[in-house]
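# Commentary on secondary and tertiary structure
Here are the chains, one letter per residue:
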Amino acid sequence: NDLRGKILRIHPTPDGKYTIPAGNLFADPKEGRPEIYVMGDRNPYRISVDQHTGWLYWGEIGPDARRDSVYGPEGFDEVNQAKQAGNYGWPMFIADNRPYRHYNFTTKQLFDFFDPKHPVNSSPNNTGAKVLPLPQPAMIYYPYEKSEKFPLTGEGGRAAMAGPVYHYGDYAGSAVRLPEYYDNKFIFYDWMRGWTLAATLSPSGDYV
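In short, a report on the structure.

Conventions used here
Residues numbered from 1 in each chain as written. Predicted model: local features only at pLDDT ≥ 70, side-chain atom pairs only at ≥ 80, totals over all residues. Heavy atoms only, no water. Helix = DSSP H or I, 4+ residues; strand = E, 2+ residues; numbered from the N terminus. Rg over C-alpha atoms; globule rule 2.2 N^0.38 Å. Buried < 20%, exposed > 50% of the residue type's maximum accessible area, 1.4 Å probe, protein only. Salt bridge = Lys/Arg side-chain N within 4 Å of Asp/Glu carboxyl O. Contact = heavy atoms within 4.5 Å. Pairing = 2+ DSSP bridges. Axes fitted to C-alpha atoms, helices over the stretch in contact; angles between N-to-C directions. Phe/Tyr/Trp six-rings, centres within 6.5 Å; stacked < 30°, edge-to-face > 60°. Lys NZ or Arg CZ within 6 Å of the ring centre and 35° of its normal.

## Structural notes on the overall build of the protein chain
- Secondary structure summary: the protein chain contains 0 helices and 16 strands in total.
- A compact globule built from 208 residues should have a C-alpha radius of gyration of about 17 Å, and the protein chain, at 19 Å, falls within 12% of that.
- Once the C-alpha set of the protein chain is aligned to its principal axes, its extents read approximately 65 × 50 × 30 Å.
- In the protein chain, which comprises 208 residues, the share counted as buried stands at 40%.

If you want it as structure tokens, here you go:
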């Protein structure tokens, strides 16, 4: 029931108010605010919506941790895709659902790792659902060091940004459009590292 760390989906109305579209994350207001489309965000950056599919893309700026610790995994930036409403893990999980450990900031006690198959928010500050939707793994993720899974992302500082998905036919007649090779490819970029990359997606939108 807290809008921080969320991406919202609403339909503005002419009177300056808004309605809630069908298909957001929480249907029961006791579980969560109806405006919430995506939860579990740390710092979503450069949101993009594919106008052909309605799928949502965003970069997620991760924590500064350079190595794993007793608290959990090193920091990762993420590039995420949501085809439907979902929970993307933070602050319990990061990257491909690597778990952090539950920590009591008052007593300084460290407990077990959060369970991605049964995420429970037992915080005394929680005002919504205790048992959360299952976390979704990031589509692309990389730490400060070179990633074995995504080596083209390089190494160094991180500032993941995402979108758009390029559609060659949208720019018919343009003398400066990208080549047809990039049709339906997902563009993402990182100005800290100085690159722009294109990812191939399957017809169903999965990372290839």
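## Some details on the pattern of salt bridges
- Taken as a whole, this structure holds 5 salt bridges when the rule is applied.
- Across the pair D206 and K83 runs a salt bridge whose closest N-O atoms are separated by 2.8 Å. One end of the pair, D206, is in the segment after β16 (195-199); the other, K83, is in the loop between β7 (77-82) and β8 (86-87), with 123 residues separating them in the sequence.
- For K83, a relative accessible area of 33% translates into the label partly exposed.
- R98 is paired through a salt bridge with D96; the nearest N and O atoms lie 2.7 Å apart.
- Using a relative accessible area of 32% as the deciding quantity, one classes R98 as partly exposed.

## Overview of the environment of I36
- Mapping I36 onto the fold places it in strand β4 (residues 36-39).
- Along the primary structure I36 and L3 are separated by 33 residues, whereas in three dimensions their C-alpha atoms are 7.3 Å apart.

## Observations concerning the side chain of K185
- Note that K185 resides in the loop between β14 (160-165) and β15 (186-190).
- When neighbours within four sequence positions are excluded, K185 is seen to be in contact with P164, V165, Y166, A198, A199 and T200.

## Focus: the sheet that holds β7
- Read from one edge to the other, the open sheet built from 4 strands follows the order β5-β6-β7-β13, with strand pairing classed as antiparallel. Both edges of this open sheet fall to β5 (44-49) and β13 (140-142), since each of them pairs with a single strand only. Strand-to-strand, the axes of this sheet are offset by a mean angle of 15°, without reference to chain direction.

## Here we look at unusual backbone geometry
- Of note, the amide linkage connecting W90 to P91 takes the cis form, showing an omega dihedral of 5°.
- Inspection of the secondary structure puts P91 in the loop between β8 and β9 (93-94).
- A cis geometry characterises the amide bond from G163 onward to P164, with omega recorded as 15°.
- Here P164 shows up in strand β14.
- Although it is not a glycine, N97 adopts a positive phi angle of roughly 70°.
- Examined against the element boundaries, N97 turns out to sit in the loop between β9 and β10 (98-99).
- Overall, N97 belongs to the buried group, its relative accessible area being 15%.
- For K108, which is not a glycine, the phi torsion comes out positive at approximately 65°.

## Digging into the sheet that holds β14
- Here we have 3 strands laid out as an open sheet, ordered β14-β15-β16, and antiparallel in their pairing. Each edge of the open sheet carries a strand with a single partner, namely β14 and β16. Along the sheet, successive strands turn relative to each other by an average axial angle of 25°, direction set aside.
- With 5 bridges joining them, β15 and β16 adopt antiparallel strand pairing. What sits directly across from I187, in β16, is A198.

## What to know about the packing of aromatic side chains
- By the definition in use, this model includes 15 aromatic pairs.
- For the pair Y103 and F105, a centre-to-centre distance of 4.8 Å together with 85° between the ring planes defines the contact as edge-to-face.
- Put simply, the rings of Y57, Y142, F186, F188 and W195 pair up and form one aromatic cluster.
- Above the ring of Y144, the side-chain terminus of R158 is found at 4.4 Å from the ring centroid.

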